[in-house]
Amino acid sequence: MWDRLWLNARLATMEGDGYGAIPEGAIATQGDRIAWVGRQADLPGAPDRLAAAVEDAGGAWVTPGLIDCHTHLVHGGDRAREFAMRLYGASYEEIARAGGGIVSTVTATRAAAEEELLESARRRLDALTAEGVTTVEIKSGYGLDLATESKMLRVAGRLARDTGIRVRRSFLGAHAVPAEDRDHPDRYLDRVVEEMLPAIVRDGLADAVDAFGETIAFSPAQVERVFRAAQALGLPVKLHADQLSDQDGAALAARFKALSADHLEYTSESGAQAMGRAGTVAVLLPGAYYFLRETQLPPVAAFRRHGVPIALATDNNPGTSPATSLLLMLNMGCTLFRLTPEEALAGVTRNAARALGLAAECGRLAPGLAADFVFWDVADPAELSYRIAFNPCRTVIRAGQPV
């Protein structure tokens, strides 16, 4: 027998086109896996003979558990002062070059004890999970030395163990040049490639390697060096690409068959085409776009033309997107980037899973995948993108168990 069976459900399976909707559906679990999904009329027997527990979904819409595929949840301090500076006219680049930005968070994160980082990150994670998030990616990148980068990744691992949330960890040592190496970026990169990355891999602390390719961060040649080292050690890569200028980051990510390229406001047509050929996911981050008052829209039409999967994420970080609502990103993705509600929901389910290398594990309602799904009190899945500052999450099932 199945462990649990829910009847009278409206399913957004996210299989095929659109929502993959099954209006009069049922879904069953066995252990931590989905055992059966389909029309209730097609159940292979009487419900009470199929499952140990049979429940009525009450007509709720059911989606896969949401996936936040780009976050910096683990960090020390905040950057509220820099927020005020921007309102007085300072640009992101001006703040960074004056010693603010990422480097200021590095100082706070290095000083924070592991338990302190765990407590603050747990509060941010709780806000996400309250909205139906069951999988999250967490990057390092605010340590810029081996001890602190490892500390951040350990905290991310502890969050997974303590909460039961699926966490993917990305090593982002090539996030910025630390103050002590400001005039010697290649010397710092030597440490990233020759010291930090091998140690991170040896200790099993990362699932992927990320980098920030930009004029205020690392050049294409420097990013290539990091990517070659990561792939030699068996880790897939991701890239913060083309956020502030077109550095051909999308094409660079595609050349290394990166899981994703993220931000992408300044990506060219040729970059989008390269991503489409490589199967690299475009992770759009409307929270950062909004927070920085950006005006250059990512080339969504080009991504559609070239078959690039589009994902959405919070980019939760203290400097440019202090957001802890993935549902808000659905609305922003539609209102700012003109995604359809179907594209937005796919962006936090099946395409977000693909951006983390988890397409065979989660992000859809299908037999054999993880039993992570959410019951929503909505009349139509489009409501998840339509409403602002409203959480219609009724129940979360994680690994087959109600949360």
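What counts and how
Residues numbered from 1 in each chain as written. Predicted model: local features only at pLDDT ≥ 70, side-chain atom pairs only at ≥ 80, totals over all residues. Heavy atoms only, no water. Helix = DSSP H or I, 4+ residues; strand = E, 2+ residues; numbered from the N terminus. Rg over C-alpha atoms; globule rule 2.2 N^0.38 Å. Buried < 20%, exposed > 50% of the residue type's maximum accessible area, 1.4 Å probe, protein only. Areas by Shrake-Rupley, 256 points an atom, 1.4 Å probe, with all protein chains shown as cover. Lys, Arg positive; Asp, Glu negative; His and termini not counted. Charge placed at Lys NZ, Arg CZ, Asp CG, Glu CD. Pairing = 2+ DSSP bridges. Axes fitted to C-alpha atoms, helices over the stretch in contact; angles between N-to-C directions. UniProt positions renumbered as here; feature names shortened; annotations may be inferred. Contact = heavy atoms within 4.5 Å.

Enquirer: Is there a simple way to think about the overall build of the protein in this case?
Expert: The number of helices and strands found in the protein is 16 helices and 16 strands. A compact globule built from 403 residues would reach a C-alpha radius of gyration of about 22 Å, and the protein, at 21 Å, matches this within 12%. The C-alpha extent of the protein, read off along each of the three principal axes, is 70 × 40 × 40 Å. Of all 403 residues assigned to the protein, the portion counted as buried reaches 59%. For the protein, the computed accessible surface area is about 15300 Å², with 50% contributed by carbon and sulfur atoms. Each charge sign in the protein was given a centre, from 41 positive and 51 negative side chains, and these centres are 1 Å apart.

Enquirer: I would appreciate a short explanation of the sheet that holds strand 10 (residues 238-241) in the present structure.
Expert: Strands pair in a sheet through their backbones, by hydrogen bonds, and they do so in one of two ways: parallel or antiparallel. In spatial order, the strands read 6-7-8-9-10-11-12-13; together these eight strands make up an open sheet with parallel pairing. Each edge of the sheet is formed by a strand with only one pairing partner; in this case those strands are strand 6 (66-68) and strand 13 (310-312). Within the sheet, the average angular offset between the axes of one strand and its neighbour, ignoring direction, is 25 degrees. Two elements, strand 12 (residues 281-284) and strand 13, share three bridges in a ladder whose sense is parallel. Bridged to Ala282 within strand 13 is Ile310.

Enquirer: When you look at the pairing of strand 3 (residues 33-39) in this model, what are you seeing that I'm missing?
Expert: Each regular strand carries side chains that alternate between the two faces of the sheet. In the sheet, strand 2 (residues 21-30) pairs with strand 3 via six bridges, with the strands oriented antiparallel. In the sheet register, Thr29 faces strand 3, and the bridge partner there is Ile34. The hairpin turn running from strand 2 into strand 3, its antiparallel successor, is two residues long, and Gly31 in that turn takes a positive phi close to 60 degrees.

Enquirer: Which parts of the structure should I look at to understand the UniProt feature "binding site: Fe(3+)" (unreviewed entry) in the protein?
Expert: What UniProt calls "binding site: Fe(3+)" (unreviewed entry) maps, in this numbering, to His70, His72, His240 and Asp315. Across 246 residues in sequence, these annotated residues keep their C-alpha atoms within 12.4 Å of one another, forming a single compact spot. Relative to the assigned elements, His70 resides in the loop between strand 6 and helix 2 (80-87). Owing to a relative accessible area of 0%, His70 belongs among the buried residues under this scheme. Other than its neighbours up to four places away in sequence, His70 contacts Glu137, Lys139, His240, Asp262, Val283, Leu285, Ala313, Thr314, Asp315 and Asn316. When you line up the elements, Asp315 lands in the loop between strand 13 and helix 13 (326-337). The buried category is assigned to Asp315, whose relative accessible area is 2%.

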